[in-house]
Every structure is written in structure tokens, then in C-alpha cells.
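The chain contents come next:
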Amino acid sequence: MSQVEAVELSRYYGHVCALDKLNLRVRDGELLVIVGPSGCGKTTLLRLVAGLDSPDEGWVQIGDDNVNGVAPDKRRVAMVFQSYALYPHMSVRKNIAFPLQNEGLPKNEIKSRVELAASQLDIVARLERYPAQLSGGERQRVALARAIVRQPRVFLFDEPLSSLDAGLRRIARAELRRYQRRLGVTTLLVTHDQQDALSLGDRIAVMSEGRIRQIGTSQELYQRPADTFVATFLGSPPMNLIEKDNCIIGFRPEDFVPAVSNSEVGNSLIIPVHVQRVEYLGDHRRVYGKVNELRGEAEVVATLHATHKIRPRENETVEFCVPFEALNWFNRHTRLRMQATAFTHEGMTVS
């Protein structure tokens, strides 16, 4: 078993609390993504698991072992960094072999491990090349192969895709996910990028201010966020939030469309929108506007398919609707998710 567990982990840097009694369990063989804004504590968590830093409170367990006080090289974890940290003067073969040479393993064992890792990651034909001769995706695979040869119980990835451009990033995501599944190694990946998180993780943990706000699948976090922080952190554009009485009502831009039929109106919340701006983005449009709410006006955005029947124009007021089943309800004071106990009448209007 190679599950990873953080129990009541706290870490302070002077008077700054980087982790605040954090609890987390990464299941054996899963890829768990930690996502959150800069300074939320996600890299600190990774360093504690790796043994590069020590907790002030709590402990880290890998498999059945409490690894507090265990040196990084004894934990059997492999860390892949944002830059991949490949040696430019070494061939791919030598880069992959380097950690094994440091361990003093026999040459024949090093050779067999290197070739096995290269085979698993489809880079056998690149073994005699140098990093400068590789694409970004190939460099990622070399870094992963260098981690694999150590036969780790756990992979730790620190922003592994952030240096890639958008096109290559999509390819690298798919490759990373495919190889992790093939290898079956328990993996903890840290990123600030929500698209990486949503597309890569078996589960996602959203962090803020040293704590985990919610953990679950991409679908669970996107459709049923635990609080308004998660609701607005995941999604681009983020979830719309408007205050009404004692509630905050949340809905995704893609569920927010102009009302065009009685059937939609009868099963929806109706919201008049004063349109401020329309962006044309090829296959879809984004409509930005303002709506009346409890404390004045709130900004909202709708994502409409290019073929939608109604095409809102700037400076006009249009009735938009959200299906009741697409609504999220949050307590106005605690900002936590609550059950939909209000505003469930047919044709209810926010005005």
C-alpha cells in the first residue's frame, strides 16, 4: 500500500501560518491534484511529504509508515519540478541514470532500469539525445523517467506544466495522465491552474489559507461547490453569485441563457440582465451584464452558443433564466453551501 496521509499538519514561518491543521488522504494509485491561489500552502504541503521540510505539528504517513524525521532519500518518493531540472550537458540516458549512479548501483542494473523506464515512457529512441534536442513534452517524459527509475512509492509534481505554452500544455496533460495510469504510482500534483486540475485529477483538493476547502472529483467540485470560494475559484468564467434575502444564489455562465420559451420560464429562475458588453469568441459568445440584488447591483456573465436564438445587444435589458436544478445555494453569512429550500416556485423572478 502506498497511500499518503497528512494528519493535523501545521507549518509556521515566523508568524505566518502556511498550513493549519490540514488533513488529507491520497488513495493508493490515485492522482490527486492540489489546486489553490499563490500562498495557499500547496507547495509547503508537497515539501512536507517529500521530507524537504518538517511540520511544526502533525505527521505524514506513507503506506503504513510515519515518515516524520525520515530523510527524503529514505522515503521512496520522487519529485518532478516545474523546470524538469535536466542536466543540459548530459544525454537523456545519463540524465535518467544519474540518481541511480548516486546510489552506487551496479552498471548492469542501472542500464536495465534506464531502458525499462525509457520503454514505459516511449523515449527509447531519444536516449542518446540531449535536452536541447527534445520537445517540451519529451523533456517532461525524461523527467518522469528519471523519477521512475528510483522505483518510488509516491510521485510528487510541483507545477509540472506551467512552463509550457497552451498547445503543448494540452498534449502534456494527456501524456502525463496516461503514463500515471499505466504506472499506477500514487501521485500528488500541485498546480495553480484550474484547467490542469480539472483535466488531470482523479480527485481535486482546493486549498485556501493553509486549509482544504473541498475535496472530490472534478464534476463534484464544479457542480456542487462546498462554498463560494470553491464556486468562484473553479470555472472560467467563474460561477455567478447574487445575493437575495438570506441566500447567495450561484449558477454557472453556461446555464444562464435568455428565456425563449414558456417551458424554460416555468422551470427556471428568471433574472433581468442589463447587458454591458458582448464578446464574440467564434463558436460562443460571452454576455456581461448587471442585475439587481440585495445590496445593489451584481455583475454576471453568460456563455451562449453562437447559434442561440436570441442575441443580446449592449445597453438593452434581457430576461435570462437558470434551470432550478442548475442553481447552487449558499448561506449569505457563512458562505457555505446549503440545501435549496427557497425560491423553488415556478417562474420565480429576481428583480
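Report on the accompanying structure. (Residues numbered from 1 in each chain as written. Predicted model: local features only at pLDDT ≥ 70, side-chain atom pairs only at ≥ 80, totals over all residues. Heavy atoms only, no water.)

**Remarks on the environment of Leu31**
One can find Leu31 in strand S3 (residues 31-35). Taking the C-alpha atoms as reference points, Leu31 and Leu183, 152 residues apart in sequence, are found 11 Å from one another. When neighbours within four sequence positions are excluded, Leu31 is seen to be in contact with Arg177, Gln180, Thr187, Leu189, Leu200, Gly201, Asp202 and Arg203. (Helix = DSSP H or I, 4+ residues; strand = E, 2+ residues; numbered from the N terminus. Contact = heavy atoms within 4.5 Å.)

**As for helix H1 (residues 42-50)**
When you tally the buried positions in H1, you get 7 out of 9 residues, the bulk of the element. Among the residues of H1, Lys42, Thr44, Leu45, Leu46, Leu48, Val49 and Ala50 are the ones counted as buried. At the exit of H1 stands Gly51, carrying a positive phi of roughly 90 degrees. (Buried < 20%, exposed > 50% of the residue type's maximum accessible area, 1.4 Å probe, protein only.)

**Structural notes on the nonpolar core**
Core analysis: the biggest nonpolar cluster contains 42 residues, and Ile96, Ile123, Leu144, Phe155 and Val206 have the highest contact counts within it. When sequence neighbours within four positions are dropped, the list of residues in contact with Ile123 reads Val92, Ile96, Ala118, Arg141, Val142 and Ala145. (Core = buried A, V, L, I, M, F, W, Y, C linked by side-chain atoms within 4.5 Å.)

**Re the packing of helix H2 (residues 92-102) against helix H3 (residues 107-120)**
Where H2 contacts H3, the two axes come as close as 10 Å, and the packing angle between them is 130 degrees. One finds that H2 runs oblique with respect to H3. The way H2 lies across H3 gives a crossing that is right-handed. Mapping the contact onto sequence places Arg93, Ile96, Ala97, Leu100 and Gln101 in H2 and Ile110, Arg113, Val114 and Glu115 in H3. (Axes fitted to C-alpha atoms, helices over the stretch in contact; angles between N-to-C directions. Parallel < 35°, antiparallel > 145°, perpendicular 65-115°, else oblique. Left-handed = near helix turned anticlockwise from the far one by under 90°.)

**Concerning the sheet that holds strand S4 (residues 57-62)**
Strand order across the open sheet formed by 4 strands is S2-S1-S4-S5, with antiparallel pairing between neighbours. The sheet is open, and its two borders are formed by strand S2 (16-26) and strand S5 (65-66), each paired with just one other strand. Where S4 meets S5, 2 bridges bridge the pair, whose relative direction is antiparallel. Of the residues in S5, the one forming a bridge with Ile62 is Asp65. Helix-sheet contacts for H1 involve strand S1 (4-13), S2 and S4, and the interaxial angle to S1 is about 115 degrees. (Pairing = 2+ DSSP bridges.)

**Some thoughts on the packing of H2 against helix H4 (residues 136-148)**
Running from N to C, H2 and H4 cross one another at 30 degrees; their axes reach a closest spacing of 7 Å. In the crossing of H2 with H4, the sense of the turn from one axis to the other is right-handed. Residues Val92, Asn95, Ile96 and Pro99 of H2 touch H4, and the partners they reach there are Val142, Ala145 and Arg146. For the contact of H2 with H4, a count of residues per class yields 5 nonpolar, 1 polar and 1 charged. (Nonpolar A, V, L, I, M, F, W, Y, C, P; charged D, E, K, R; others polar.)

**With respect to the sheet that holds strand S16 (residues 296-305)**
Taken together, the 5 strands give an open sheet; going across it, the order is S13-S17-S14-S15-S16, and neighbouring strands pair in antiparallel fashion. Looking at the sheet topology across the chains shown, the edges are occupied by strand S13 (257-258) and S16. Sheet topology places strand S14 (residues 268-280) next to strand S15 (residues 284-293); 6 bridges connect them, and they run antiparallel. Bridge pairing in S15 links Val278 to Val287.

**With respect to the packing of aromatic side chains**
Any pair of aromatic rings gets described here by the distance separating the centres and the angle formed by the planes. This model, assessed by the stated rule, comprises 5 aromatic pairs. A ring pair is formed by Phe256 and Phe320, whose centres lie 4.8 Å apart and whose planes are at 40 degrees; its orientation type is tilted. With Phe256 in the loop between strand S12 (247-251) and S13 and Phe320 in strand S17 (residues 317-323), this pair connects stretches of sequence that are 64 residues apart. As far as the burial class goes, Phe256 and Phe320 line up, both buried. Taken together, Phe251, Phe256 and Phe320 form an aromatic cluster joined through their ring pairs. Note that Arg11 overlies the ring of Tyr13, its terminal NZ or CZ placed 4.5 Å from the centroid. Just above the ring of Tyr288 sits the side chain of Arg277; from NZ or CZ to the centre is 4.0 Å. (Phe/Tyr/Trp six-rings, centres within 6.5 Å; stacked < 30°, edge-to-face > 60°. Lys NZ or Arg CZ within 6 Å of the ring centre and 35° of its normal.)

**Some points on the side chain of Glu5**
The topology assignment puts Glu5 in strand S1. Residue Glu5 is classed as buried on the basis of its relative accessible area, which comes to 19%. Among the polar contacts made by the side chain of Glu5, one reaches the side chain of Arg25 at a distance of 3.2 Å. Excluding anything up to four places from it in sequence, Glu5 contacts Leu24, Arg25, Trp59, Val60 and Gln61. (Polar contact = N/O pair within 3.5 Å; in protein donor to acceptor, adjacent residues only side chain to side chain.)

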